[in-house]
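# Descriptive analysis of the structure
One-letter residues, chain by chain:
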4 protein chains.
Amino acid sequence: MNASTPEPAKPVSGRREATRRKLFEAAVTLISEQGYGATTVDEIAERAGVAKGTVYYNFGGKNELYAALMEWGVTRLADTLREAVPAAGQDVGPREALAEVLRSGVVFISAHEALARLLMAEAWRTNQSWYATVRQIRTEAIGVITGQLDAMVERGLTRPDLDTSLAGSALFGMVVTVALDWRTLQPERPVEEIHTTLAHMADGLIGSPASPQ
Amino acid sequence: MNASTPEPAKPVSGRREATRRKLFEAAVTLISEQGYGATTVDEIAERAGVAKGTVYYNFGGKNELYAALMEWGVTRLADTLREAVPAAGQDVGPREALAEVLRSGVVFISAHEALARLLMAEAWRTNQSWYATVRQIRTEAIGVITGQLDAMVERGLTRPDLDTSLAGSALFGMVVTVALDWRTLQPERPVEEIHTTLAHMADGLIGSPASPQ
Amino acid sequence: MNASTPEPAKPVSGRREATRRKLFEAAVTLISEQGYGATTVDEIAERAGVAKGTVYYNFGGKNELYAALMEWGVTRLADTLREAVPAAGQDVGPREALAEVLRSGVVFISAHEALARLLMAEAWRTNQSWYATVRQIRTEAIGVITGQLDAMVERGLTRPDLDTSLAGSALFGMVVTVALDWRTLQPERPVEEIHTTLAHMADGLIGSPASPQ
Amino acid sequence: MNASTPEPAKPVSGRREATRRKLFEAAVTLISEQGYGATTVDEIAERAGVAKGTVYYNFGGKNELYAALMEWGVTRLADTLREAVPAAGQDVGPREALAEVLRSGVVFISAHEALARLLMAEAWRTNQSWYATVRQIRTEAIGVITGQLDAMVERGLTRPDLDTSLAGSALFGMVVTVALDWRTLQPERPVEEIHTTLAHMADGLIGSPASPQ
DNA sequence: CATGAATGAGTATTCATTCAT
DNA sequence: AATGAATGAATACTCATTCAT
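Residues numbered from 1 in each chain as written. Chains lettered and ligands numbered in written order. Predicted model: local features only at pLDDT ≥ 70, side-chain atom pairs only at ≥ 80, totals over all residues. Heavy atoms only, no water.

Across the boundary between the two partners, chain C contributes 44 residues, which contact 46 residues of chain D. Here chain C meets chain D over a buried area of about 4,000 Å², counting both sides, of which 59% is carbon and sulfur. Of all residues in chain C, the largest losses of buried area upon contact with chain D belong to Trp-124, Leu-166 and His-200 of chain C, amounting jointly to 18% of the total for that side. Across the contact surface, chain C and chain D share six salt bridges. Asp-181 of chain C is paired through a salt bridge with Arg-135 of chain D; the nearest N and O atoms lie 2.7 Å apart. The interface formed by chain C and chain D contains 13 residue pairs in polar contact (both at pLDDT 80 or more). Where the side of chain C that touches chain D is concerned, the elements lending two or more residues are helix H1 (15-34), helix H6 (113-122), helix H7 (131-154), helix H8 (164-185) and helix H9 (191-205) of chain C. Top contributing element to the side of chain C that touches chain D by residue count: H8 of chain C, with 13 residues. Of the residues that constitute the side of chain C that touches chain D, the class distribution is 18 nonpolar, 14 polar and twelve charged. (Contact = heavy atoms within 4.5 Å. Buried area = accessible area lost by both parts, 1.4 Å probe. Salt bridge = Lys/Arg side-chain N within 4 Å of Asp/Glu carboxyl O. Polar contact = N/O pair within 3.5 Å; in protein donor to acceptor, adjacent residues only side chain to side chain. Helix = DSSP H or I, 4+ residues; strand = E, 2+ residues; numbered from the N terminus. Nonpolar A, V, L, I, M, F, W, Y, C, P; charged D, E, K, R; others polar.)

Right, let's talk about the relation of the copies chain C and chain D for a bit. Mapping chain C onto chain D is achieved by rotating through 177 degrees and translating by 0.4 Å along the same axis, at an RMSD of 1.0 Å. With respect to symmetry, the two chain copies, as superposed, fit the operation of a two-fold axis. Across chain C, the rotation axis passes nearest the C-alpha of Leu-205 of chain C, at a separation of 1.4 Å. Most of the interface of chain C is mirrored in chain D, where 95% of its interface residues again form contacts. (Least-squares fit on C-alpha atoms with pLDDT ≥ 70 in both.)

Taken together, 33 residues surround DNA strand E, and among them Thr-54 of chain B, Thr-19, Thr-54 and Tyr-57 of chain C together with Tyr-56 of chain D come closest. Backbone atoms, meaning sugar and phosphate, form 68% of the atoms of DNA strand E found within 4 Å of the protein. Within the side chain of Thr-19 of chain C, an N or O atom sits 2.3 Å from a phosphate oxygen of DNA strand E. Going through the elements one at a time, helix H3 (52-59) of chain A, helix H1 (15-34) and helix H3 (52-59) of chain B, H1 and helix H3 (52-59) of chain C together with helix H3 (52-59) of chain D are the ones with two or more residues in the surface near DNA strand E. No other element matches H3 of chain B, which puts five residues into the surface near DNA strand E. The class makeup of the residues in the surface near DNA strand E is ten nonpolar, 14 polar and nine charged. (Near = heavy atom within 4 Å.)

Let's shift gears to the confidence of the model for chain A. Of all residues in chain A, 89% have pLDDT values of 70 or greater, and the mean over the chain is 84. The lowest-confidence element of chain A is helix H6 (residues 113-122) of chain A, averaging 82 in pLDDT; the highest-confidence one is H3 of chain A, averaging 97. (pLDDT = per-residue confidence, 0-100.)

Here the focus is the UniProt feature "DNA-binding region" (unreviewed entry) in chain A. The UniProt entry lists residues 40-59 of chain A under the feature "DNA-binding region" (unreviewed entry), expressed in the numbering used here. When the span residues 40-59 of chain A is considered, its composition is 80% helix and 0% strand, and the gap between its end C-alpha atoms is 15 Å. (UniProt positions renumbered as here; feature names shortened; annotations may be inferred.)

Below, the discussion takes up the side chain of Arg-159 of chain C. All names here are of chain C. Within the secondary structure, Arg-159 is located in the loop between H7 and H8. Classification of Arg-159 by relative accessible area gives buried; the value is 12%. In terms of polar contacts, Arg-159 uses its side chain to reach the side chain of Asp-161, at 3.0 Å. (Buried < 20%, exposed > 50% of the residue type's maximum accessible area, 1.4 Å probe, protein only.)

Superposing chain B onto chain A takes a rotation of 177 degrees plus a shift of 0.4 Å along the axis, which leaves an RMSD of 1.0 Å. A high fraction, 91%, of the interface residues of chain B reappear at the interface in chain A, so the copies pair face to face through one surface.

Two aromatic rings are characterised by how far apart their centres lie and by the angle between their planes. For the coordinates displayed, the defined rule picks out twelve aromatic pairs over all chains. Aromatic side chains Phe-24 of chain D and Trp-72 of chain D sit 5.2 Å apart centroid to centroid with 65 degrees between the ring planes, which places their arrangement in the edge-to-face category. Placement of the pair is Phe-24 of chain D in helix H1 (residues 15-34) and Trp-72 of chain D in helix H4 (residues 62-84), with a sequence separation of 48 residues. Of the aromatic side chains, those joined through ring pairs into one cluster are Phe-24, Phe-59 and Trp-72 of chain A. Lying over the aromatic face of Trp-182 of chain B, Arg-183 of chain B brings its terminal NZ or CZ to 4.8 Å of the ring centre. (Phe/Tyr/Trp six-rings, centres within 6.5 Å; stacked < 30°, edge-to-face > 60°. Lys NZ or Arg CZ within 6 Å of the ring centre and 35° of its normal.)

Let's shift gears to the protein's contact with DNA strand F. Neighbouring DNA strand F are 34 residues, the closest being Thr-19, Thr-54 and Tyr-57 of chain A, Lys-52 of chain C together with Thr-54 of chain D. In this structure, a base nitrogen belonging to DNA strand F sits 3.3 Å away from a main-chain N or O atom of Gly-53 of chain A. In this structure, a phosphate oxygen belonging to DNA strand F sits 3.4 Å away from a side-chain N or O atom of Asn-58 of chain D. Listing elements by their share of the surface near DNA strand F, those giving two or more residues are helix H1 (15-34) and H3 of chain A, H3 of chain B, H3 of chain C together with H1 and H3 of chain D. At five residues, H3 of chain D tops the list of elements feeding residues into the surface near DNA strand F. For the surface near DNA strand F, a count of residues per class yields eleven nonpolar, 14 polar and nine charged.

The next point concerns H3 of chain D. Residues and elements named next belong to chain D. Along H3, the residues that are buried comprise Val-55, Asn-58 and Phe-59. For H3, the angular spread of buried residues about the axis comes to 80 degrees, placing them on one side. Buried residues along H3 sit in contact with H1, helix H2 (41-48) and H4. (Arc of directions from axis to C-beta.)

Another point: the pattern of salt bridges. All names here are of chain A. Tallied over the full model, the rule gives 53 salt bridges over all chains. The residue Asp-42 makes a salt bridge to Lys-52 at a minimum N-O spacing of 3.0 Å. Separated by ten residues along the polypeptide, Asp-42 in helix H2 (residues 41-48) and Lys-52 in helix H3 bring together distant segments of the chain. One salt bridge connects Glu-192 with Arg-103, and the closest N-O pair in it is separated by 3.3 Å. Remark: Arg-103 occurs in helix H5 (residues 94-111) and Glu-192 occurs in helix H9 (residues 191-205); sequence separation between them is 89 residues. Classification of Glu-192 by relative accessible area gives partly exposed; the value is 40%. Given the relative accessible area of 31%, Arg-103 is considered partly exposed. A cluster of three or more residues bridged by salt bridges with shared partners is formed by Asp-79, Arg-82 and Glu-140.

Here is the structure:
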């Protein structure tokens, strides 16, 4: 905060950082399994292997921990999607590029079901203190998809009048819903089947360059 | 349950029915905004303009009120979607039929935002007592869409290997997400624009009977 | 709050009022004996013979209970002092009238030591939420004394240039201090000795109509 | 520890003394504003600009810090009052001598408001561990006043039956109350006006050697 | 039918104190 | 000498539920 004192290189992962990480992991697991209200601070602390007071020392309260959690997890989702976008140099068609992004979304969600459930639960709760955070990062994630769609429109691979912003939101909702339904109702199905169906859908959904009304 | 049939046994719409309705409305709004856990019985009663005890007199408890709520709303959603399916005799192509179902979904959601938010928030929280209810009726709603897809597969209007169950879930998630994003972020946009984009997307899907892998 | 609905004569002392009174009494005793911080809500509830939740139902919190307490007690002090002022018709000299007010102050304090201690402890804690209340009513109490002094100045019974406001504050502090010291250090002394000394002091303190500098 | 004074035994004013002083000042201010119970060790440390552990390193605990505080400040008050008593040889009337003591009291209080607030707030809270300290030194301070009154009684300058101990307590309470009211409510008034009013009042007392009952 | 005061088990939160660095 | 992360016992507070009116 004070530019004149250049801070003697504070150790980034000291004891504190390790404790925060432990608490994060405990909290994600428990809250996503039981919901925010049903998860007690005692449980979180016990699972993290620290004393209850430590939660308050590090986060200030249950609400703040939850907010930090949302931000942390949701940032990771956006990052994952961004990483899935093929590098500019690579010779991959926009169609395959989009499929790749959706695929990475499914993988992420199946690895972080908990988080995905929270994300959907909080997505439209506008009066919560962490709504802004969730919304902003959700927009970022959708932005990655929208970006791919824009590229496709540019190259004439889909109808030119497509509202790519709405379509991005649609694809996002589709992926999350399918992925969660899969994990919840038919976890035994191989992930490839999910990928394939989603690819088919996306392919069809936006694959009509000039379908007549 | 219907006031036009004067049953002597139980006066269906006396003070009681009015009270229940007030409580329903208050509960849907509050819970969709804050979540189930964060909404107190006091708040619901206050918003409904009745005393707290009245909630217990009429529903037996917070959980029961919530369960009744879910069942009520979600049944109406399934009914609405079913009504949108063109009667067998009518000469409507499957393309238009599907579009009509999705359209009615959007209309329903924009009229019952709160309920839709709830539906998404609770859809995958498996260890709640009302999970079975939500799931069952959600399946019913998705079933209407799946039915249309099946009809299309039968008539060779889309790829024969489509997993219509997964696809139904995908379209459901797509519609709900788009509709809620619209209501939350850009409520000023005319509903037609939403319809059009969704129709385009569904159109694309239907239009690809045999897109090569 | 709503003038158009003239409130159908709410019963002033129903169950609720009785509960509040019990809590008041329990709280005054305990807090004055142990201090605010050392007194727990559990103790107060137990002593009042009600459940802990009842404290919150009736007052909203420990702080609010304390604030209500201060207002209640301190209002009674002001009332007591006012009542001690001889009625206008009675043939009592201002000197005796003042002595009477001070005397009633001592009696009140010895009957409500607890409250008096709180009053002094909070008198100059300007950043507490209840400071305004304490201050206002303290001013009222001092006002009764100041009123007597003004009467004396008017009749030429004391020096005309006396700052009666400051002098009122001085006499108030004198009375409270002496009374509390008495109760704390020499409770065995008869109250009359205290009265007498205070009367002497007041007599002398302001009894010099024209003492040369 | 202190490079400039290479004392082998105990460096009196090294870093440690400075730290203790900082903590003293922070503690007096905060406690006088909020009370002992409402002031946390965190706050004190933060205001003093040191880490929390430092409080414990230097004083052993919150209670000990407070006790040290009270003793330190209250000793200074007694000393100040004693110094105000004119030396035996000096030719000063008892009237002026008493006025001088009260005057020095007002000056001290206006310079150490926080301490004075504490002194009044804790004076009658008998079951605290530091009660003995506060009481003893308070008695010392009052003793200076009482001493003056005794001298006056001896010389026949006031009524012979005056309970000088009670009267001392009365004057003490009067001075502290007036001084704090002044600082809190009308700090803009010149100190001389306060002095004058107090002198007038004390004057009156002294000037009544034999006021008839 | 409806009310709202009362309840108390369950939970979040505070904060003086410790101790390894 | 000083630090600040961690602690956990003590405590304040919440809120679904009950029940007498």
